[in-house]
Amino acid sequence: MENSSEFTPAIVGFLCNWCTYAAADLAGSSKLELPPSFTVIRVMCSSRIDHNLLLSTFFKGADGILVAGCHPGDCHYGEGNYYARRRFALLKKVMETLDMDPERLQLSWVSAAEGKRYAEVVGEFTENIRELGPNPIKNSTRF
């Protein structure tokens with residue numbers, strides 16, 4: 001197993017177009033430090049992310065997944081982030097059932113004006129995944 005200080009986690013971020021993606025843009029234009037191993041996928045709303053997409057992302061080798069969207073009550077689509085929060089809670093239970101560490105999946109609320117908060121959330125999550133080590137499913141033959 002790789003030394004955790006040498007391990008660079010592959011993390012996928014599914015970011016809401018209206019809030020968190022804009023915060024990521026703000027963080028970048030503000031030249032805030034962001035982990036290079038963080039891959040961003042822009043989605044229209046955090047509620048549009050299907051649990052099968054997240055699970056298949058893990059099965060294809062992601063070490064961690066961050067889902068981020070508008071703060072509850074500020075969704076561009078009304079109640080989208082409330083649906084996302086419910087799906088997220090269920091997915092954590094599914095991950096436990098599949099013997100996957102639910103800490104590899106994080107849901108965060110980051111508004112468009114919170115570039116600094118975005119950089120902090122991504123940095124802390126990356127560090128947490130680095131401590132967990134590589135995704136054990138990557139090298140598993142059971143799937």
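Below you will find a few notes about this structure. (Residues numbered from 1 in each chain as written. Predicted model: local features only at pLDDT ≥ 70, side-chain atom pairs only at ≥ 80, totals over all residues. Heavy atoms only, no water.)

**Quick look at the pairing of strand 3 (residues 64-69)**
Burial runs high along strand 3: 6 of the 6 residues are buried. Neither face of strand 3 is left uncovered, since the one carrying G64, L66 and A68 and the one carrying I65, V67 and G69 both have all their residues buried. Across 5 bridges, strand 1 (residues 11-16) lies against strand 3 in parallel orientation. From the neighbouring strand, L15 faces strand 3, where its bridge partner is A68. Across 5 bridges, strand 3 lies against strand 4 (residues 105-109) in parallel orientation. The residue of strand 4 that forms the bridge with L66 is Q106. (Buried < 20%, exposed > 50% of the residue type's maximum accessible area, 1.4 Å probe, protein only. Helix = DSSP H or I, 4+ residues; strand = E, 2+ residues; numbered from the N terminus. Pairing = 2+ DSSP bridges.)

**So, empty space enclosed by the protein**
In total, this model carries 1 cavity of 30 Å³ or more according to the counting rule given. Within this model, the largest cavity holds a volume of roughly 100 Å³. For the largest cavity, the full set of lining residues is S46, I49, H51, L54, V67, A84, R87, F88, L91 and L107. Listing elements by their share of the lining of the largest cavity, those giving two or more residues are helix 2 (51-59) and helix 3 (80-97). The dominant element in the lining of the largest cavity, judged by the number of residues it contributes, is helix 3, at 4 residues. Broken down by class, the residue content of the lining of the largest cavity amounts to 7 nonpolar, 2 polar and 1 charged. (1 Å grid on protein atoms, 1.4 Å probe; cavity = no way out; pocket = protein on both sides within 12 Å on 5 of 7 lines; lining within 4 Å. Points joined across faces, edges and corners; volume = space filled by probe spheres on them. Nonpolar A, V, L, I, M, F, W, Y, C, P; charged D, E, K, R; others polar.)

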